[in-house]
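Descriptive structure summary
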Amino acid sequence: MTNEIQMGLMQPHSLLISSLIVHAERHHGDAQIVSRRVEGDVHRYQWHDVARRSRQVARTLDGMTLPLSSRVATLAWNGYRHLELYFGVSGSGRVLHTINPRLHPDQIVWIANHADDQVLCFDISFLPLVQAVHSKCPTIRQYVALCDRDALPVDNGIPGLISYEQWIEPQSDDYDWPQFDENAASSMCYTSGTTGNPKAVMYSHRSTLLHAYGAALPDSMSISARDVILPVVPMFHVNAWGIPYAAALTGASLVFPGPQLDGKSVYELIEQEGVTFAAGVPTVWQMLLDHVKSEGQSFSTLKRTVIGGSACPPSMIQAFREQYNVEVIHAWGMTETSPLGTLCTLKNKSLMLPAEEQTQLRRKQGRALYGIDFKIVGDAGNELPWDGKTFGDLYVKGPWVVRDYFPGQGNAALVDGWFPTGDVATIDADGYLQITDRSKDVIKSGGEWISSIDIENIAMAHPAVQLAACIGVSHPKWEERPVVVVVKRENMTLDKEELLQFYEGKMAKWQIPDDVIFVDAIPLGATGKMLKSRIRQMPEITAYGATEGSRQ
Ligand code: ADP
């Protein structure tokens with residue numbers, strides 16, 4: 001008997017991003033791609049145009065003799081040219097580095113240098129930003145403005161700046177996509193770096209394709225050729241949650257909002273283009289709901305939305321469902337998980353539950369997709385039970401979870417092959433994950449933990465609350481106590497006593513915040529999340545800490 005394993009006898013095609021665009025062109029080339037452009041107008045074309053022009057991009061990069069795996073960066077909103085770069089850059093064997101334009105210019109410089117970016121393609125609205133940083137980015141040898149030839153300002157101050165159209169125009173679209181190892185790097189994205197310098201996650205073709213399959217599954221985002229998808233989630237952060245790839249895989253149409261992310265613009269696009277599915281972070285949907293409510297409008301085509309990136313308040317899930325007949329799928333993920341980790345779709349047996357229990361379930365972050373495994377562990381590294389009550393540090397693993405941060409010096413700190421997420425969570429017997437907090441935001445009061453997310457969710461259910469953030473402030477007796485920082489809705493009245501009363505009966509007495517601090521605005525990070533580190537530094541909060549510190 002030989003101990004050699006018999007290989008399967010199937011075709012060994014590599015899972016490459018180029019194969020997605022080849023498939024999209026051949027099998028659903030006429031599905032629409034609609035983009036609201038920076039210029040203000042709406043651009044329309046089809047998947048076969050994306051394919052043709054992404055081949056021109058690939059040829060252009062070859063023409064520059066840009067070595068394989070070189071980084072091609074973007075500073076761009078969601079739009080069709082950005083989509084062409086998704087396929088043209090990665091498909092040709094280079095690495096697409098999407099930079100978040102909302103970062104501080106110093107961070108953008110740091111990131112561009114750290115990634116060793118060679119080319120930077122940017123929306124013309126970011127010209128002042130590029131003018132400010134380009135002299136500090138010595139590795140970038142070609143700047144490309146994502147605009148028509150005649151939209152390029154003369155005397156722009158950037159050496160060699162060329163418009164995208166002029167850049168790709170000389171190239172024919174006759175191109176054979178190169179074949180290489182599916183584990184090759186395809187794109188990279190830096191974490192938002194709320195603590196310290198950002199860290200670079202480098203995706204592979206294989207991880208991206210497996211994730212695209214996962215994203216399209218029915219118990220995931222359920223993406224199909226019948227969908228018209230509006231990714232409000234930016235293409236500059238974690239590849240718009242993989243939607244561009246999943247759309248190419250399935251034949252879905254895409255609608256890109258460009259820079260206009262206010263409630264009115266997003267609503268108009270949804271209605272005009274017949275959007276069936278949209279995805280984004282809670283702050284964006286809050287603006288949309290506010291708009292729709294104030295105008296007395298409804299959705300005629302929108303069926304479902306995936307909300308994630310930070311905890312989706314149950315009041316939002318309910319408003320979408322009950323007032324607008326739109327299903328909300330709550331999702332959890334991170335840059336390090338490509339990003340989809342869990343999505344909250346119900347199992348058959350849960351559909352038998354009374355409506356209130358279903359609502360309780362839907363507020364959780366959901367079940368693991370195949371491709372992701374998770375566990376919660378205690379301080380001693382021991383795995384904790386799945387009882388829906390015990391909470392611990394969340395660890396994940398799988399083929400689209402980070403192994404190491406770029407440039408690969410073992411700094412992802414895997415523990416026995418598991419990635420420690422920095423989140424604290426519970427898991428119930430049916431495998432539903434619920435995030436309690438980021439470990440650094442958990443409030444420890446008298447030896448017990450209080451979830452800041454629970455406190456925020458209750459405040460958000462109050463009709464006069466626009467946005468709420470809960471933080472822990474130090475307390476001489478209890479170590480820490482929660483206070484809730486609130487932005488009131490315009491023209492509504494609310495005082496501290498009323499909001500504190502609103503908590504009565506909704507959580508244990510000792511978990512109810514000690515105080516309410518009203519502020520004009522809550523600082524949001526580059527991806528639309530509340531920045532707790534900045535909230536703690538707000539004058540209203542530091543002043544509060546000083547007076548409360550003496551309290552017994
Ligand atoms: P960064 O880590 O750079 O801040 P990410 O977009 O990768 O940005 O954020 C991932 C984090 O966002 C998760 O670790 C988690 O703390 C939080 N998060 C994502 N989705 C949810 C959700 N549905 N509920 C609660 N927290 C979430």
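Residues numbered from 1 in each chain as written. Predicted model: local features only at pLDDT ≥ 70, side-chain atom pairs only at ≥ 80, totals over all residues. Heavy atoms only, no water.

Before going further, it helps to spend a moment on the domain arrangement of the protein. When its domains are assigned, the protein resolves into domain 1 (16-28 + 43-206) and domain 2 (441-548). On a C-alpha basis, the centroid separation for the pair domain 1 and domain 2 is 41 Å. Every contact between the two is made by 5 residues of domain 1 and, on the other side, 4 residues of domain 2. Across the domain 1 to domain 2 interface the summed buried area is about 340 Å²; carbon plus sulfur atoms make up 56%. Remark: the boundary between domain 1 and domain 2 carries 0 salt bridges. Counting across the domain 1 and domain 2 interface gives 0 residue pairs in polar contact (both at pLDDT 80 or more). Tallied by class, the residues present in the side of domain 1 that touches domain 2 amount to 1 nonpolar, 3 polar and 1 charged. (Domains from an automatic or database assignment. Contact = heavy atoms within 4.5 Å. Buried area = accessible area lost by both parts, 1.4 Å probe. Salt bridge = Lys/Arg side-chain N within 4 Å of Asp/Glu carboxyl O. Polar contact = N/O pair within 3.5 Å; in protein donor to acceptor, adjacent residues only side chain to side chain. Nonpolar A, V, L, I, M, F, W, Y, C, P; charged D, E, K, R; others polar.)

Moving on: the UniProt feature "domain: AMP-binding enzyme C-terminal" (unreviewed entry) in the protein. Per the UniProt record, the feature "domain: AMP-binding enzyme C-terminal" (unreviewed entry) sits at residues 455-529. The straight-line gap between the two end C-alpha atoms of residues 455-529 is 16 Å; of that span, 19% is helix and 33% is strand. (UniProt positions renumbered as here; feature names shortened; annotations may be inferred. Helix = DSSP H or I, 4+ residues; strand = E, 2+ residues; numbered from the N terminus.)

Read from one edge of the open sheet, 9 strands run β2-β1-β11-β10-β12-β13-β14-β15-β16, paired in mixed fashion. Either end of the sheet is taken by a strand with one partner, and the two such strands are β2 (42-46) and β16 (367-368). Pairing geometry for strand β1 (residues 32-36) and strand β11 (residues 253-256), over 3 bridges, is parallel. Its bridge partner being in β11, I33 is matched across the sheet by L254. (Pairing = 2+ DSSP bridges.)

Strand order in the open sheet made by the 4 strands is β17-β18-β19-β20, with antiparallel pairing throughout. This sheet does not close on itself; its edge strands, each paired only once, are β17 (373-377) and β20 (433-438). Sheet twist, expressed as the average angle between the axes of neighbouring strands with direction ignored, equals 50°. Pairing geometry for strand β18 (residues 392-397) and strand β19 (residues 419-427), over 4 bridges, is antiparallel. (Axes fitted to C-alpha atoms, helices over the stretch in contact; angles between N-to-C directions.)

What follows is about empty space enclosed by the protein. The tally for this structure, following the rule as stated, stands at 5 cavities of 30 Å³ or more. Reported here for the largest cavity is a volume of approximately 160 Å³. Looking at the largest cavity, it is lined by 16 residues, and the ones nearest its centre are V38, G79, Y80, R81 and D123. Going through the elements one at a time, β1 and α3 (80-91) are the ones with two or more residues in the lining of the largest cavity. Looking at which element gives the most residues to the lining of the largest cavity, the answer is α3, with 3 residues. Across the lining of the largest cavity, the residue classes tally to 6 nonpolar, 5 polar and 5 charged. (1 Å grid on protein atoms, 1.4 Å probe; cavity = no way out; pocket = protein on both sides within 12 Å on 5 of 7 lines; lining within 4 Å. Points joined across faces, edges and corners; volume = space filled by probe spheres on them.)

Moving on, we come to the nonpolar core. Of all hydrophobic cores here, the largest spans 148 residues; its most connected members are W47, F87, F122, W167, W285, F299 and F320. For F299, the contacting residues outside a window of four places in its chain are Y267, I270, E271, L288, V292, F320, Y324 and V326. Residues A464, A468, A469 and V484 belong to the second largest nonpolar core, which totals 33 residues. (Core = buried A, V, L, I, M, F, W, Y, C linked by side-chain atoms within 4.5 Å. Buried < 20%, exposed > 50% of the residue type's maximum accessible area, 1.4 Å probe, protein only.)

Counting through the fold element by element, H82 comes out in helix α3. H82 gets classed as buried once you look at its relative accessible area, which sits at 1%. Put simply, H82 and L146 are 64 residues apart on the chain and 8.2 Å apart in space, counted from C-alpha to C-alpha. Ignoring sequence-local partners within four residues, the contact set of H82 consists of T74, A76, W77, T98, M235 and F236.

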